[in-house]
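Structural overview for review
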Amino acid sequence: MKTVAFITLGCKVNQYETNAMTQQFIEKGYKIVEHTEKADIYIVNTCTVTNMSDRKSRQMLRRVKELNTDAIVIACGCYAQVAKEELEKIEEIDLVLGNNEKKDIVQYVEKYLKSKIPEIQAEDVMEQREFVEFGDVTFTEKTRAVIKIQDGCDRFCSYCIIPYARGRVRSRRPEHIISEITKIAEEGIKEVVITGIHIASYGKDFKEDYTLINLLEEINQIKGIERIRLGSIEPLLITEEFVNRLKKLEKICHQFHLSLQSGCDETLKRMNRRYTTEQFQEITKLLRKNFKDSILTTDIIVGFPGETDEEFNKTYSFLEQIKFYKMHVFKYSPRKGTKAAIMPNQIEGNKKEERSRKLISLSNKNQKEYNKSYVGKELEILFEEEKNGFYQGHTKNYILAHYKTTQNLENKMIKLKCIEAEEEYVIVGNT
């Protein structure tokens, strides 16, 4: 029995696809081991969203070979899709597979085991017009399951390489999604995370009028599923009509990750984002009005080409007003092949670092204040895992909670009182 180890970098879509590939190997009789262990086959599901992601992908591909010099090393995913030539130069790699090739990974591996001939297979995803279906993916190592509902993005933000790694929008048929989630519910999973490259575009490629809200209404009816969590969403998805339908779904988690990127209109325009700060602010008001316990999180890029001190200060002031629970701050990273990479007035590294520190400090302050507001209140937590004597889990609006106990609470949902607040989590106990 050959052993296989996975390393997954990047987003939840990659996590879903790793689960799908893992399931395929298990069904073919392979044994799955941790990537820190000696394995016969190492598969690195790569990411290319930033230069740092590229670097980490290369590091992981080299590092696993040190665990077993005789192992087969496979690079797949987004970095493999857009940087085939770079990966070809790394002698540790045996196979390079793009995103569409993941569905046939076992066949590629078994072909290599027989021939020992290195191979690069990454078809042009821009030509792909149908969603690549893995079948019902029920394998998950976690107490929540990630569900991929679409692939690709048609937005072409000026800084983003992902449309070239993932292709155009392709939506998964709703009957396949419902089938998969139904089977996951039968296995006892209570929470699903709806993910994709641009889930707000779900259904736009269908002939019939069927969008994300239609899908969520169907998922809400599945017996056994108690929580439906949305992945990152395009702000302009949030309209009065969408919210009025969404708030009727009792299983929807009141955590909304709205990808802002900048709080300055001039910067947003250069980024080719399709909303203004005024529109974005109205969207946050709409959500908070209809979901009283909602938590809003976001992504912010600092040091985008041409971002002056004045533009950054506008972003900072805007973020102070919005008061996100958490902000994921990224220093702008030029991506070859994007418009932003050749824009004038590229920002030097020290300036990016300074701006990043300021926003991270603001984010930490907001998160701690928000957590403190829950002290003395009862929270319902879905527990996931034990670490250092504490069971950890999340509330419906995604506050991380720690509970000191010797009980096995994995996948159990319990109401407990918040007794203390830290910066990144709260501590709960019996009422």
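Residues numbered from 1 in each chain as written. Predicted model: local features only at pLDDT ≥ 70, side-chain atom pairs only at ≥ 80, totals over all residues. Heavy atoms only, no water.

**Overview of the overall build of the chain**
When helices and strands are tallied, the chain shows 13 helices and 19 strands. The C-alpha radius of gyration of the chain comes to 22 Å, within 12% of the 22 Å expected for a compact globule of 431 residues. By its C-alpha atoms, the chain is 60 × 55 × 50 Å across when sized along the principal axes. Considering only residue pairs separated by 6 or more positions, the chain has 75% of its internal contacts joining residues 24 or more positions apart. Per element, the accessible surface of the chain, about 19,800 Å² overall, is 47% carbon and sulfur. Separation between the mean location of the 69 positive side-chain charges and that of the 67 negative ones in the chain comes to 2 Å. (Helix = DSSP H or I, 4+ residues; strand = E, 2+ residues; numbered from the N terminus. Rg over C-alpha atoms; globule rule 2.2 N^0.38 Å. Contact = heavy atoms within 4.5 Å. Areas by Shrake-Rupley, 256 points an atom, 1.4 Å probe, with all protein chains shown as cover. Lys, Arg positive; Asp, Glu negative; His and termini not counted. Charge placed at Lys NZ, Arg CZ, Asp CG, Glu CD.)

**Things to note about helix H11 (residues 277-290)**
For H11, which comprises 14 residues, the first-to-last C-alpha distance of 20 Å matches the rise-based estimate of 20 Å (1.5 Å per residue) to within 8%. Along H11, the positions that sit buried rather than exposed are Thr277, Phe280, Ile283, Thr284, Leu286, Leu287 and Asn290. Considering only its buried residues, H11 is in contact with helix H9 (240-246), strand E12 (255-257), helix H10 (265-271), strand E13 (295-302) and helix H12 (309-322). (Expected span 1.5 Å × (residues − 1). Buried < 20%, exposed > 50% of the residue type's maximum accessible area, 1.4 Å probe, protein only.)

**Thoughts on the nonpolar core**
Membership of the largest hydrophobic core comes to 65 residues, with the highest contact counts inside it found for Val192, Leu216 and Ile219. The residues touching valine 192, leaving out its near neighbours within four places in the chain, are Ala145, Ile147, Ile181, Ile184, Ile219, Ile225, Arg227, Ile228 and Arg229. Counting 21 residues, the second largest nonpolar core, distinct from the first, contains Cys47, Val73, Ile90 and Val96. (Core = buried A, V, L, I, M, F, W, Y, C linked by side-chain atoms within 4.5 Å.)

**Here's the deal with the pattern of salt bridges**
All chains considered together, the criterion is met by 36 salt bridges. Residue glutamate 369 is joined to lysine 323 by a salt bridge in which the shortest nitrogen-to-oxygen separation is 3.8 Å. One end of the pair, glutamate 369, is in helix H13 (residues 349-372); the other, lysine 323, is in the loop between H12 and strand E14 (326-331), with 46 residues separating them in the sequence. (Salt bridge = Lys/Arg side-chain N within 4 Å of Asp/Glu carboxyl O.)

**Quick word on the packing of aromatic side chains**
To describe a pair of aromatic rings, one takes the distance between the centres and the angle between the planes. Counted according to the given criterion, the structure contains 17 aromatic pairs. Ring centres of phenylalanine 156 and tyrosine 164 lie 5.6 Å apart, and the angle between their planes is 70°; on these two criteria the pair is classed as edge-to-face. Look at phenylalanine 156 and you get partly exposed, because its relative accessible area is 24%. Look at tyrosine 164 and you get partly exposed, because its relative accessible area is 38%. A ring pair is formed by tyrosine 202 and tyrosine 210, whose centres lie 6.3 Å apart and whose planes are at 70°; its orientation type is edge-to-face. Just as tyrosine 202 is buried, tyrosine 210 falls in that class too. (Phe/Tyr/Trp six-rings, centres within 6.5 Å; stacked < 30°, edge-to-face > 60°.)

**Quick look at the pairing of strand E10 (residues 191-195)**
Within E10, 5 of the 5 residues are buried, which leaves the element mostly enclosed by the surrounding structure. Burial along E10 is two-sided: Glu191, Val193 and Thr195 facing one way and Val192 and Ile194 facing the other are all buried. Judged from the 5 bridges that link them, strand E7 (residues 144-148) and E10 form a sheet pairing that is parallel. Bridge assignment links isoleucine 147 to a residue of E10, and that residue is isoleucine 194. As defined by bridge partners, E10 adjoins strand E11 (residues 227-230) across 4 bridges and the pair is classed as parallel. (Pairing = 2+ DSSP bridges.)

**Description of the pairing of strand E16 (residues 390-395)**
Burial analysis of E16 places 5 of its 6 residues in the buried class, the great majority of the element. In this sheet, E16 lies alongside strand E15 (residues 378-387) in antiparallel orientation, the contact comprising 6 bridges. Pairing of phenylalanine 383 across the sheet is with glycine 393, part of E16. Once E15 ends, the chain turns through 2 residues before running back antiparallel as E16, passing asparagine 388 with a positive phi of about 55°. Pairing of E16 with strand E17 (residues 400-404), which is carried by 5 bridges, proceeds in the antiparallel orientation.

**Considerations on H12**
Taking 1.5 Å of rise per residue, the 14 residues of H12 would be expected to cover 20 Å, and the 20 Å separating its terminal C-alpha atoms lies within 8% of that figure. Among all positions of H12, only Glu311, Phe312, Thr315, Phe318, Leu319 and Ile322 are buried. Along the long axis of H12, the arc covered by the buried residues comes to 120°, so they all point the same way. Facing away from the buried side of H12 by more than 90 degrees, the exposed set consists of Glu310 and Gln321. Of the surrounding elements, those touching the buried residues of H12 are H10, H11, E13, E14 and H13. Looking at the residues trailing H12, positive phi occurs at lysine 323, about 55°. (Arc of directions from axis to C-beta.)

**Looking at unusual backbone geometry**
Even without being glycine, phenylalanine 156 reaches a positive phi, approximately 50°. Here phenylalanine 156 lies in the loop between strand E8 (150-151) and helix H6 (162-166).

**A short note on the environment of arginine 173**
Inspection of the secondary structure puts arginine 173 in the loop between strand E9 (170-171) and helix H7 (174-186). With relative accessibility at 29%, the residue arginine 173 sits in the partly exposed group. Considering only alpha carbons, one finds arginine 173 and leucine 258, 85 residues apart in sequence, at a separation of 25 Å. Other than its neighbours up to four places away in sequence, arginine 173 contacts Tyr202, Phe206 and Glu208.

**A look at the environment of glutamate 101**
Along the chain, the position of glutamate 101 falls in the loop between strand E5 (95-97) and helix H5 (105-115). Note: C-alpha distance between glutamate 101 and glutamate 175 (74 residues apart in sequence) is 23 Å. Aside from chain neighbours lying at most four places away, what touches glutamate 101 is Tyr108, Gln121, Ala122 and Glu123.

**Some words on the side chain of asparagine 99**
Relative to the helices and strands, asparagine 99 is located in the loop between E5 and H5. A relative accessible area of 5% means that asparagine 99 is categorised as buried. Looking at asparagine 99, its side chain comes within polar contact range of the main-chain oxygen of alanine 165, at 2.9 Å. Other than its neighbours up to four places away in sequence, asparagine 99 contacts Glu17, Gly77, Cys78, Gln81, Ala165 and Arg166. (Polar contact = N/O pair within 3.5 Å; in protein donor to acceptor, adjacent residues only side chain to side chain.)

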